[in-house]
Amino acid sequence: MIDGLESEPAAAAELFGEHLAKGRQFTEALARHGEELGLIGPLELPRLWTRHVLNSALVAPLLRPGRVGDVGSGAGLPGLVLGIMRPDVSFVLIEPMERRVAWLESQAAELELSNVEVVRARAEEAKLKGVLDQVTARAVSALRTLIPITAPLLRPGGELVLMKGAGVDGEVGAAEKAIRKYKVHDPEVLILGEGVVSEVTRVFRATVG
């Protein structure tokens with residue numbers, strides 16, 4: 001047991017299913033090395049499962065087989081978690097910071113995630129314009145600045161699956177100009193995990209083009 005790490009919640013087995021062993025392996029690696037590598041803050045261990053890992057895991061059922069980009073992948077939340085849970089999906093983890101890229105690559109190798117590719121770039125500079133089926137992001141920026149860097153990565157008819165906080169409805173209103181400019185339609189806010197986890201996950205989902 002890693003000192004200070006939150007005990008594994010019962011919901012972990014429900015959400016990860018047959019992939020729970022890899023979910024544990026990733027969570028323990030993040031608990032051991034996350035703070036020293038600047039991936040998580042010093043106060044996150046007591047809520048690492050609940051607030052970060054399971055929060056990311058709830059998004060897995062929204063993904064479709066295809067190519068999914070995770071913008072600003074950082075610690076691998078949600079990219080590595082989703083890569084563990086959805087071996088039928090190809091993931092491109094997009095991250096500009098060298099030490100975070102090294103972490104993502106090492107974890108993808110250790111977890112034997114052959115469906116995960118890591119690209120060192122800012123989203124707007126990645127050579128992925130118009131090629132992805134879905135794009136996700138977590139804790140990157142407000143929708144009005146996030147839509148302009150994520151929407152262009154999608155093929156026509158591709159889908160944004162963006163993890164957001166409790167203020168997402170206000171962000172949607174503030175992003176009206178970007179929503180029009182980037183042909184974002186059928187936007188909706190999903191609340192995931194009610195009755196399953198103590199902290200629900202909010203997702204802004206919409207089609208582009």
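This report concerns the structure included in the present document. None of these values were measured; they are calculated from a predicted model. (Residues numbered from 1 in each chain as written. Predicted model: local features only at pLDDT ≥ 70, side-chain atom pairs only at ≥ 80, totals over all residues. Heavy atoms only, no water.)

The subject of this paragraph is the overall build of the protein chain. Scanning the protein chain from terminus to terminus reveals 8 helices and 7 strands. Its C-alpha radius of gyration of 16 Å places the protein chain within 12% of the 17 Å reference for a compact globule of 209 residues. When the accessible surface of the protein chain is totalled, it reaches about 9,600 Å², and 49% of it is carbon and sulfur. Counting 24 positive and 28 negative side-chain charges, the protein chain places the averaged centre of each group 8 Å from the other. (Helix = DSSP H or I, 4+ residues; strand = E, 2+ residues; numbered from the N terminus. Rg over C-alpha atoms; globule rule 2.2 N^0.38 Å. Areas by Shrake-Rupley, 256 points an atom, 1.4 Å probe, with all protein chains shown as cover. Lys, Arg positive; Asp, Glu negative; His and termini not counted. Charge placed at Lys NZ, Arg CZ, Asp CG, Glu CD.)

Here we come to helix α6 (residues 143-150). When we look at burial in α6, the residues that qualify are L143, L146, I147 and T150. In an axial view of α6, the angular spread of the buried residues amounts to 100°, which keeps them on one side of the axis. (Buried < 20%, exposed > 50% of the residue type's maximum accessible area, 1.4 Å probe, protein only. Arc of directions from axis to C-beta.)

Glancing now at the sheet that holds strand β4 (residues 132-138). Two pairing modes exist for strands in a sheet, parallel and antiparallel, and in both the strands are linked by backbone hydrogen bonds. One open sheet accounts for 7 strands, arranged β3-β2-β1-β4-β5-β7-β6; its pairing is mixed. Whereas interior strands pair on both sides, the edge strands pair on one side only; in this sheet they are β3 (116-120) and β6 (184-192). Geometrically, the sheet is characterised by an average inter-axis angle of 20° between neighbouring strands, direction not taken into account. Lying on the sheet, helix α5 (residues 98-110) is in contact with β2 (90-95) and β3; it crosses β3 at an angle near 165°. (Pairing = 2+ DSSP bridges. Axes fitted to C-alpha atoms, helices over the stretch in contact; angles between N-to-C directions. Contact = heavy atoms within 4.5 Å.)

Glancing now at α5. Because each turn of an α-helix spans 3.6 residues, side chains separated by three or four positions end up pointing in the same direction. The end-to-end C-alpha distance of α5 is 18 Å, a good match for the 18 Å that 13 residues give at a rise of 1.5 Å each. Residues of α5 that are buried include every one of V101, W103, L104, Q107 and A108, and no others. End-on view of α5: buried residues confined to an arc of 160°, all on one side of the axis. Facing away from the buried side of α5 by more than 90 degrees, the exposed set consists of E98 and A109. Buried residues in α5 make contact with α2 (20-33), α4 (79-85), β2 and β3. Positive phi shows up at E112, right after α5, with a value of about 55°. (Expected span 1.5 Å × (residues − 1).)

With that out of the way, let us pick up the packing of aromatic side chains. Counting across every chain of the model gives 2 aromatic pairs. Geometrically, the ring pair formed by F16 and W49 is edge-to-face, given 6.4 Å between the ring centres and 85° between the ring planes. With F16 in helix α1 (residues 10-16) and W49 in helix α3 (residues 48-57), the pair connects residues that are 33 residues apart, well separated along the chain. For the pair formed by F16 and W49, the shared burial category is buried. Seen from their ring centres, F26 and W103 are 6.4 Å apart, and the 45° between their planes marks the pair as tilted. With F26 in helix α2 and W103 in helix α5, this residue pair connects regions lying 77 residues apart in the sequence. Assigned by exposure class, F26 and W103 land together as buried. (Phe/Tyr/Trp six-rings, centres within 6.5 Å; stacked < 30°, edge-to-face > 60°.)

That's the geometry; what it means functionally is another story.
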